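Residue-level listing of the chains:
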Amino acid sequence: MQPRLVYTTFPAREAAEEVARALVEARLVACANILPGMVSIYRWAGQVERADEVVMILKTTSARASDVVEAVRARHPYEVPAILVLPVEGGLAAYLGWIGAEVADEPA
């Protein structure tokens, strides 16, 4: 089992919490961390934009990472959401084992 972190952003905490709960209940992720209070500055459609957002970090496995990306995309309010899959190089073995135990190998 290779752990992965999936990074994404949402326009509001409530939307992030709704998606996080669905992914944990579906056993696609072991845990979701939601960090409020982020400001994003970015270029979109030729204009520099500013937005208040929340960050969500999802803990999953390499086997389910693409399913997590698709599940987030399907529930996300943005036209092109930020969704990145990041490798995990190490960590506390017991915690990494917990992630693997909480994430289902196959779709429910």
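Structure first, text after, so check above.
Residues numbered from 1 in each chain as written. Predicted model: local features only at pLDDT ≥ 70, side-chain atom pairs only at ≥ 80, totals over all residues. Heavy atoms only, no water.

The next point concerns the packing of helix H1 (residues 13–25) against helix H2 (residues 65–75). For the pair H1 and H2, the least separation of the axes is 10 Å and the interaxial angle reads 145°. Like other packed secondary-structure pairs, H1 and H2 cross with a definite hand, here right-handed. Here H1 contributes Val19, Ala22 and Leu23 to the contact with H2, which in turn contributes Val68, Ala71, Val72 and Arg75. For the contact of H1 with H2, the residue count by class is six nonpolar, no polar and one charged. (Axes fitted to C-alpha atoms, helices over the stretch in contact; angles between N-to-C directions. Helix = DSSP H or I, 4+ residues; strand = E, 2+ residues; numbered from the N terminus. Left-handed = near helix turned anticlockwise from the far one by under 90°. Contact = heavy atoms within 4.5 Å. Nonpolar A, V, L, I, M, F, W, Y, C, P; charged D, E, K, R; others polar.)

As a further point, take the pairing of strand S2 (residues 31–44). Where S2 lies against strand S3 (residues 47–61), twelve bridges are found, and the strand directions are antiparallel. In the strand pairing of S3, Arg43 is matched with Val48. Where S2 hands over to S3, the hairpin turn is made up of two residues, of which Ala45 adopts a positive phi near 55°. (Pairing = 2+ DSSP bridges.)

As a further point, take H2. Those residues of H2 that fall on the buried side of the exposure criterion are Ala65, Val68, Ala71 and Val72. Here the buried residues of H2 occupy an arc of 120° about the axis, which is enough to place them on one side. Pointing more than 90 degrees away from the buried face of H2 are the exposed residues Glu70 and Ala74. Looking at the packing, one finds that the buried side of H2 touches strand S1 (3–10), H1, S3 and strand S4 (83–87). (Buried < 20%, exposed > 50% of the residue type's maximum accessible area, 1.4 Å probe, protein only. Arc of directions from axis to C-beta.)

Read these as spatial facts, not as claims about activity.
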